[in-house]
Amino acid sequence: MEQLFDLALINSALRVLTPILLAALGGALCSRVGLFNVGLEGFMLLGAFSAVVGNHFFGNVFYAILFAIAIVSIFSFIFAYLSINLQANVIVVGIAMNALAAGLTTFSLRALFDVKGAFYDNTMVGLPKWNIPFIKDIPVLGPILTGLTPLVYLSFLIAGLMWYYFYRTKNGFRFLAVGENPLAAQSMGIRVRRYQYGAVLASGVLCALAGAQLSLGQVTMFTEGMTAGRGFIALVATMLGQSGPLGVTAASLLFGFMDALSIRFQGLALPTHFTQMLPYVVTILAMFFFKDKSFQKDALKQGSSSR
């Protein structure tokens, strides 16, 4: 049992939950302004691929992340324009973005690198691992909080800042009002579309960071479909957390822990197919016990483009 549960498991959970948490926070932003963003998976995949491309051509991790943010922002703007200006079905648009991302990354992988399936460059440098002074010497917290990439710490910082913005600032209350009742917010002089565009673009930035953590933080390579449903898990985390930053963080911690536990099970010679399905089984169970139907009603309302 000690080989299964230890401090290294928690450290691993923090690493693997970061892409889910960042994408789920992006989904929470969209949900708060009345948009059910199903395209988180596609945005994450584009971010992962763009980060590797940027790192390969620029030779700099910081520029690679900026490049990923720029690429995903373009696609998130397309999503926003179709959903907000053209009043297209937001769920259909999200599914279309997922399909577009899957096809585009596969095509670009072969067009840019002339490879199929995966791209790896042994000269490529991934995200740095930080060992924070003073904290690494603390008996329990040290092994948990050291050796992580900057995006891991940034994800929890963003969650805290989102909570403060939502519930402690005037603009945050206006942001929430846009999702609660767009017509009433507009009648009060709030520019609804501006907040909606801002939320979708910010969601794209967070998904780009999630993809960068996946392709440059956990590994230093890109494989076709490497998100492997993490965007949909992030969507479930958004729903379980009721689109609140703290609730989304707690739900992401659950899924991240189960993902890390599945990796640990592989080291115990358990069947690979069983261990790999563990996070997705927990996701299904979480949805089964999710009793609040109001989120489903909002999704149906948003899907009908009645905003």
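What you are looking at is a predicted structure, and each value in this text was computed from that prediction instead of being measured.

About the thresholds
- Residues numbered from 1 in each chain as written.
- Predicted model: local features only at pLDDT ≥ 70, side-chain atom pairs only at ≥ 80, totals over all residues.
- Heavy atoms only, no water.
- Phe/Tyr/Trp six-rings, centres within 6.5 Å; stacked < 30°, edge-to-face > 60°.
- Helix = DSSP H or I, 4+ residues; strand = E, 2+ residues; numbered from the N terminus.
- Buried < 20%, exposed > 50% of the residue type's maximum accessible area, 1.4 Å probe, protein only.
- UniProt positions renumbered as here; feature names shortened; annotations may be inferred.
- Axes fitted to C-alpha atoms, helices over the stretch in contact; angles between N-to-C directions.
- Parallel < 35°, antiparallel > 145°, perpendicular 65-115°, else oblique.
- Left-handed = near helix turned anticlockwise from the far one by under 90°.
- Contact = heavy atoms within 4.5 Å.
- Nonpolar A, V, L, I, M, F, W, Y, C, P; charged D, E, K, R; others polar.

**Details of the packing of aromatic side chains**
Okay, so step 1: Applying the stated criterion to the full structure yields 15 aromatic pairs.
Okay, so step 2: Aromatic side chains Y165 and F175 sit 5.9 Å apart centroid to centroid with 75° between the ring planes, which places their arrangement in the edge-to-face category. With Y165 in helix α6 (residues 150–168) and F175 in helix α7 (residues 170–180), the pair connects residues that are 10 residues apart, well separated along the chain.
Okay, so step 3: On the basis of relative accessible area, F175 is assigned to the buried category, the value being 6%.
Okay, so step 4: Aromatic pair F166 and Y167: ring centres 6.1 Å apart, planes at 80°, arrangement edge-to-face.
Okay, so step 5: Judged by relative accessible area, which is 26%, Y167 ranks as partly exposed.

**Details of the UniProt feature "transmembrane region" (unreviewed entry) in the protein chain**
Okay, so step 1: Per the UniProt record, "transmembrane region" (unreviewed entry) is found at residues 12–31, 64–84, 91–113, 144–166, 195–212, 232–256 and 268–290.
Okay, so step 2: Overall, residues 12–31 shows 100% helix and 0% strand. The separation of its end C-alpha atoms is 29 Å.
Okay, so step 3: Secondary structure across residues 64–84 divides into 100% helix and 0% strand, with the first and last C-alpha atoms of the span separated by 30 Å.

**Considerations on the packing of α6 against helix α9 (residues 192–218)**
Okay, so step 1: It is at 11 Å that the axes of α6 and α9 come closest, and there the two elements cross at 160°. When the axis of α6 is compared with that of α9, the two are roughly antiparallel. As α6 packs across α9, the resulting crossing turns out to be left-handed. Touching L151, V152, L154, I158 and Y165 of α6 are Y195, L206, L209, A212 and Q213, all from α9.
Okay, so step 2: Broken down by class, the residue content of the contact of α6 with α9 amounts to 9 nonpolar, 1 polar and no charged.

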